[in-house]
Amino acid sequence: MDLQLKGKRAIVTGGSKGIGRAVARGLAAEGVDVVIAARSAEPLAAAAEAIAAETGGRVLAVPTDTGDDGQVRALVARAVAELGGIDILVNSAATPWSAGSPADLAATSDELVRREVEIKVLGYLRTARAVAPHLVAQGWGRIINISGLGARQANSIAQTVRNVGVSALTKNLADELGPHGVNVTVVHPGRTRTERLTDRLAARSAETGVPVADLEAELATNSLRRVVDASEVADVVTFLASPRSVAITGDAIAAGGGVPGPVYY
């Protein structure tokens, strides 16, 4: 299937590693000119260089803290100036959720919740607010928000709130921007094979002597019984970023290999 993406222009936040980097690579491989953004300049520049070399695409690095509205607006202005416009926004910048963080009511402080929503909810709002006028003006665009299956589980107040918040933002944007030709969706990855997970399992393997493959298999509690790779999540996002996805907007797409048991409808 031709995704009709060649010549499109995209911003991917959180693009220096993990799912964001995989998405940037997936888009670049389809002929999209990509601006990747993240806070740390050196890893971001290295990622842009590597993706460009792998795909032959145009990939620019623009260091940005999405917690700062001024930096977000500068990011969008730079992308528009360098690429001649913008068609696609993928929001993937977020502070990593730390397993083992306090999850009970007594330990859930105001500051903990504020920290969780600052980047993953408000950061997504800032980028969408800056990009949307360009998409509306041209009558076409895609915004894809990366959230997580934590939106569907009550494991932690702060984690659930931030992921549900992304879904609520997505639906509001979809209804407002849909009449202008802009589709907005949210993708919920589950446990995903990224550099972070690979490094953690390698360290644990070194300590215990258990092979990495066996440690990963223990984590594969989804319907597929295997951990989904970041590139496989990126395949879903790349489709949603394309003109082919026009029938989907305002909805959540789970990309975690299936959750055994519950029926979602």
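Remember, predicted model here, so these are calculated numbers, not experimental data.

Caption draft 1: Geometry of a nonpolar patch on the surface. Together, Leu105, Ile157 and Val161 give the surface a local cluster of nonpolar side chains, amounting to about 280 Å² of exposed area. Examined against the element boundaries, Ile157 turns out to sit in helix α6 (residues 157–177).

Caption draft 2: Just the pattern of salt bridges, in detail. Per the stated rule, a full pass over the model turns up 13 salt bridges. For Asp69, the salt bridge identified is with Arg73, shortest N-O distance 3.1 Å. One end of the pair is Asp69 and the other is Arg73, both in helix α3 (residues 69–83) and four residues apart, which spans about a single turn. With relative accessibility at 42%, the residue Arg73 sits in the partly exposed group.

Caption draft 3: Examining the pairing of strand β6 (residues 182–189) more closely. The element β6 is largely enclosed, with a buried count of eight among its eight residues. Side chains Val182, Val184, Val186 and His188 of β6 all project onto a buried face; the interleaved residues Asn183, Thr185, Val187 and Pro189 project onto the opposite face, where all are buried too. Relative to β6, strand β5 (residues 141–146) runs parallel, the two sharing six bridges. Within β6, the residue paired with Ile143 across the bridge is Val184. Each parallel crossover has a hand, and the one from β5 via α6 to β6 is right-handed. By the bridge criterion, four bridges tie β6 to strand β9 (residues 252–255) in an arrangement that is parallel. Of the residues in β9, the one forming a bridge with Pro189 is Ala255.

Caption draft 4: View of the pairing of strand β2 (residues 33–37). The element β2 is largely enclosed, with a buried count of four among its five residues. Of the strand pairs in this sheet, strand β1 (residues 9–13) and β2 are connected by five bridges, and their pairing is parallel. Bridge pairing links Ala10 to Val34 in β2. In this region the chain leaves β1, passes through helix α1 (residues 18–29) and returns to the parallel neighbour β2; the handedness of that crossover is right-handed. Strand direction decides the pairing type here: β2 and strand β3 (residues 59–61), joined by three bridges, are parallel. Across the sheet, the residue bridging to Ile36 is Ala61, located in β3.

Caption draft 5: Main features of helix α8 (residues 212–219). Among the residues making up α8, those that are buried are Leu215, Glu216 and Leu219. Buried positions in α8, seen along its axis, are confined to an arc of 100° and lie on one side of it. Opposite the packed face of α8, turned more than 90 degrees from it, sit the exposed residues Ala213 and Glu218.

Caption draft 6: View of the nonpolar core. Ranked by internal contacts, the top residues of the largest apolar core, which has 61 residues, are Ile11, Leu27, Ile36, Val90 and Ile144. Beyond its immediate chain neighbours, meaning those up to four positions away, Val90 contacts Ile11, Val12, Thr13, Val23, Leu27, Ile144, Ile146 and Val237. If you look at the next biggest cluster of nonpolar residues, it comprises six residues, including Leu197, Leu215, Leu219 and Val227.

Caption draft 7: Highlighting the sheet that holds β3. Pairing is parallel across the open sheet formed by seven strands, whose spatial order is β3-β2-β1-β4-β5-β6-β9. Two strands close off the open sheet at either side, each with one partner strand: β3 and β9. Within the sheet, the average angular offset between the axes of one strand and its neighbour, ignoring direction, is 20°. Across four bridges, strand β4 (residues 88–91) lies against β5 in parallel orientation. Paired with Asn91 across the strands is Asn145, a residue of β5. Taken strand by strand, helix α2 (residues 41–55) contacts β2 and β3, and its axis lies near 175° from that of β3.

Caption draft 8: Local environment of unusual backbone geometry. Its identity as a non-glycine residue notwithstanding, Gln4 has a phi of 60°, on the positive side. With respect to the secondary-structure elements, Gln4 resides in the segment before β1. Non-glycine residue Arg225 carries a positive phi angle of around 60°. Considering the arrangement of structural elements, one finds Arg225 in the loop between α8 and β8 (228–229). Looking at Arg225, the relative accessible area reads 53%, which means it is exposed.

So, how was this worked out
Residues numbered from 1 in each chain as written. Predicted model: local features only at pLDDT ≥ 70, side-chain atom pairs only at ≥ 80, totals over all residues. Heavy atoms only, no water. Patch = residues over 30% accessible without salt bridge, like charges linked within 9 Å, V, L, I, M, F, W, Y side chains within 5 Å. Areas by Shrake-Rupley, 256 points an atom, 1.4 Å probe, with all protein chains shown as cover. Salt bridge = Lys/Arg side-chain N within 4 Å of Asp/Glu carboxyl O. Helix = DSSP H or I, 4+ residues; strand = E, 2+ residues; numbered from the N terminus. Buried < 20%, exposed > 50% of the residue type's maximum accessible area, 1.4 Å probe, protein only. Pairing = 2+ DSSP bridges. Right-handed = clockwise from strand over helix to strand, strands pointing away. Arc of directions from axis to C-beta. Core = buried A, V, L, I, M, F, W, Y, C linked by side-chain atoms within 4.5 Å. Contact = heavy atoms within 4.5 Å. Axes fitted to C-alpha atoms, helices over the stretch in contact; angles between N-to-C directions.

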